[in-house]
Amino acid sequence: MRVTIVAGARPNFMKIAPIIHAIESRKSKVESQKSPSFARASEGRKGESLEYRLVHTGQHYDPKLSDTFFEELGIPKPDVNLEVGSGTQAEQTAGIMLGFEKELMAHPSDLVIVVGDVTSTMACSITAKKLNTRVAHIEAGIRSFDLTMPEEINRMVTDSITDLFFTTSHFANENLRKAGVPDDRIFFVGNVMIDTLLANRPRFRKPAVWDELGLKEKSYIVITLHRPNNVDQPENLQKLLKAITDSAGDLPVIFPVHPRTRKVINDFNIVIPSSIHLAEPMGYLEFNYLVEKAFAVITDSGGITEETTVMGVPCMTLRDSTERPETCSVGTNELLGTDPAAIKPAMLRLFAGEWKKGGIPELWDGHAAERIVEALLRSSVHKFSK
């Protein structure tokens, strides 16, 4: 079976890495069981009856948000980069669809694998289906039920035309069933983000800011903010930052700044409290070193709430909804909303030692990608054979 794996933005790379590793691992095992001459003759990226082509849409164009991830996570360079770059939602969607249509026509595939909920996920799914190519969605069924989020629209559209649904939680399974997806197309496999986290945890490395600021374990707070309702209005961003520093006591606050947020800070001359230390976007290994050793994390990212849950780090999410409720019901995350006034009471509980310990959701064990590859191979026998 020929599959095309699509990645377009930073979160995608952590999700495709274990899938590629699982395919390559199977390839190695299969070839080791055959004659040396066959192994030498076996060329290309192949698993057992599984070949893949990696497409990077170029949705994230900052090298610190994309290119470094290929090296850090051991992902091969993409076969093609569509180089879509920045633009409005409509411009990016159109650019990705135009580029991916040409790619898929030049390199036909039996199955297109999309991950997560970025613009590339939706755009490539639509393009594939219009070319009568099946689609597999990894992280299917996730819902925030907030249509003001572009990601929610991406999820809903993608899942409405997906053929194979790979899920991270029972919440996602139930969302799909309510939408009419039959059980034989839902595969509860676990979380590929956690595959990447567990595989790379021993490789985490200190970012430059660690020594520059003399940071010590559990003696600082990490924040990340990039959602439009948190950062696009400068007054609101200013209030959030002040609320965080006012309740953080003497702890320094480390803020790796997303390009979107950096632009707002620069354009509107946002005053940064002295206890907040701005940093450039970090690579995966450096950022997670910082998160793992933090006293707490304050974020509006969905993926970071999954990582803090597994690492046992208290996490506060500055959003009114979450598509990952298991990080709250099982993990270390709490949903605070977007009102800056909600930060201080949560921080008081944290400093009082009253934050929940949390646990790890089912099947978040580092083997999700292996289950996905096994399911794809089974599906190829029943649904993709010619």
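Placed above this text is the structure.
Residues numbered from 1 in each chain as written. Predicted model: local features only at pLDDT ≥ 70, side-chain atom pairs only at ≥ 80, totals over all residues. Heavy atoms only, no water.

J.: Quick question: what am I supposed to make of the nonpolar core here?
T.: Soluble, globular proteins show a tendency: their nonpolar side chains are buried together. Residues I5, I16, I75, F166 and L290 are the most contacted members of the largest nonpolar core, which totals 61 residues. Residue contacts for F166: discarding those within four places in its chain leaves A136, H137, I138, E139, A140, F187, V189, I372, A375 and L376. Residues V253, V264, I265 and W355 belong to the second largest nonpolar core, which totals 28 residues. (Core = buried A, V, L, I, M, F, W, Y, C linked by side-chain atoms within 4.5 Å. Buried < 20%, exposed > 50% of the residue type's maximum accessible area, 1.4 Å probe, protein only. Contact = heavy atoms within 4.5 Å.)

J.: Quick question: what am I supposed to make of the sheet that holds strand β11 (residues 276–279) here?
T.: Two orientations exist for strands paired in a sheet by backbone hydrogen bonds: parallel and antiparallel. Reading across the sheet, the six strands line up as β11-β10-β9-β12-β13-β14 and stay open at both edges, with parallel pairing between neighbours. The two strands at the open ends of the sheet, each matched to only one other strand, are β11 and β14 (333–335). If you compare each strand with its neighbour and ignore which way they point, the axes differ by 20° on average. Note that strand β12 (residues 296–299) and strand β13 (residues 315–317) share three bridges and pair parallel. Bridge pairing in β13 links V297 to C315. (Pairing = 2+ DSSP bridges. Helix = DSSP H or I, 4+ residues; strand = E, 2+ residues; numbered from the N terminus. Axes fitted to C-alpha atoms, helices over the stretch in contact; angles between N-to-C directions.)

J.: Teacher, can you tell me more about unusual backbone geometry here?
T.: In most cases, non-glycine residues show a negative phi, while peptide bonds are predominantly trans. In this structure, N132 takes a positive phi of about 60° despite not being glycine. The backbone phi angle of N269 is positive, close to 50°, even though this residue is not glycine. When you line up the elements, N269 lands in the loop between α12 (259–267) and β11. Since its relative accessible area comes to 64%, N269 is described here as exposed.

J.: Would you mind going over the pairing of strand β9 (residues 221–224) with me for this structure?
T.: Within a regular strand, the side chains alternate between the two sheet faces. Burial along β9 is two-sided: I221 and I223 and V222 and T224, pointing in opposite directions, are all buried. The pairing of β9 with strand β10 (residues 253–256) spans two bridges and is parallel. Each residue of the ladder has a partner; that of V222, found in β10, is I254. Sheet topology places β9 next to β12; four bridges connect them, and they run parallel. Residue pairing in the sheet places I221 in a bridge with A296 of β12.

Taken by themselves, the reported measurements are silent on function.
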